[in-house]
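Read off the chains here:
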Amino acid sequence: QVQLVESGGGLVQAGGSLRLSCAASGRTFSSYTMGWFRQAPGKEREFVASITWIGGRTYYPDSVKGRFTISRDNAKNTVYLQMNSLKPEDTAVYYCAAQPRFRFGAPKAYEYDYWGQGTQVTVSS
């Protein structure tokens, strides 16, 4: 059973930074693709970043490119999302997701089989 546990959310002022963590357990993740999504109230779930466990290939939408960085620590089975230059519009619940296949990009939520419980990020203006 795959488990994903996010942490690191909180309240930050605009222009600030946060680092989210996603601790993964229950499988060997070497063939997985990991993603981060976010969902603001009244909006659809939005793709934020993805990374392939093998090779560490990353992919971002234009809305966060240059501000957010996804990375993984193989030894700790943990995926990170470093968020810099945060804006009020980045306010959302952030979810970690995993799919048991190597797929560069993978921006669609339906492609992912496993999800964490989410962590709230609030950016004040």
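Being a predicted model, the structure only gives us computed values, none of them experimental.

Locating D90 in the fold gives a position in the loop between β8 (78–83) and β9 (92–99). Residue classification places D90 among the buried positions, given a relative accessible area of 0%. Within the structure, the side chain of D90 is placed 2.8 Å from the side chain of R38, a separation counted as a polar contact. When residues no more than four places from it in sequence are discounted, the contact partners of D90 are R38, R67, F68, S85, V121 and V123.

Right, let's get into the pattern of salt bridges. Across all of its chains, the model carries six salt bridges by this definition. Between R103 and E111 there is a salt bridge whose closest N-O contact spans 3.1 Å. The buried category is assigned to E111, whose relative accessible area is 13%. Salt bridges linked by common partners bring R38, E46, R67 and D90 together as one network.

Grouped together as the largest cluster of nonpolar side chains are 29 residues, with contacts concentrated most on M34, W36, L81, M83 and Y94. If you list the elements that add at least two residues to this core, you get β3 (18–25), β4 (33–39), β5 (46–52), β7 (68–73), β8, β9 and β11 (119–124). In this view, M83 contacts G16, S17, L18, L20, R67, F68, Y94 and V121; residues no more than four positions away in its chain are not counted. Core analysis: the second largest hydrophobic core is formed by five residues, F47, A97, A106 and Y112 among them.

Turning to its location among the elements, E111 is positioned in the loop between β9 and β10 (114–115). There is a polar contact of 3.1 Å between the side chain of E111 and the side chain of R103.

Within β8, five of the six residues are buried, which leaves the element mostly enclosed by the surrounding structure. Of the strand pairs in this sheet, β3 and β8 are connected by six bridges, and their pairing is antiparallel. If you follow C22 over to β8, its bridge partner there is V79. Examined bridge by bridge, β7 and β8 share six bridges and lie antiparallel to one another. By the bridge assignment, F68 is partnered in β8 with M83. Linking two consecutive strands that pair antiparallel, namely β7 and β8, is a turn of four residues; a positive phi of about 50° is found at N77 within it.

Below, the discussion takes up the state of the cysteines. What the rule picks out here adds up to one disulfide. Disulfide pairing is shown between C22 and C96; the S-S distance is 2.1 Å. Looking down the S-S bond of the C22 and C96 bridge, the torsion is -75°, so its handedness is left-handed. Residue C22 is located in strand β3, and its partner C96 is located in strand β9; the two are separated by 74 residues in the primary sequence. The buried category is assigned to C22, whose relative accessible area is 0%.

Cut-offs used in this document
Residues numbered from 1 in each chain as written. Predicted model: local features only at pLDDT ≥ 70, side-chain atom pairs only at ≥ 80, totals over all residues. Heavy atoms only, no water. Helix = DSSP H or I, 4+ residues; strand = E, 2+ residues; numbered from the N terminus. Buried < 20%, exposed > 50% of the residue type's maximum accessible area, 1.4 Å probe, protein only. Polar contact = N/O pair within 3.5 Å; in protein donor to acceptor, adjacent residues only side chain to side chain. Contact = heavy atoms within 4.5 Å. Salt bridge = Lys/Arg side-chain N within 4 Å of Asp/Glu carboxyl O. Core = buried A, V, L, I, M, F, W, Y, C linked by side-chain atoms within 4.5 Å. Pairing = 2+ DSSP bridges. Disulfide = S-S within 2.5 Å.

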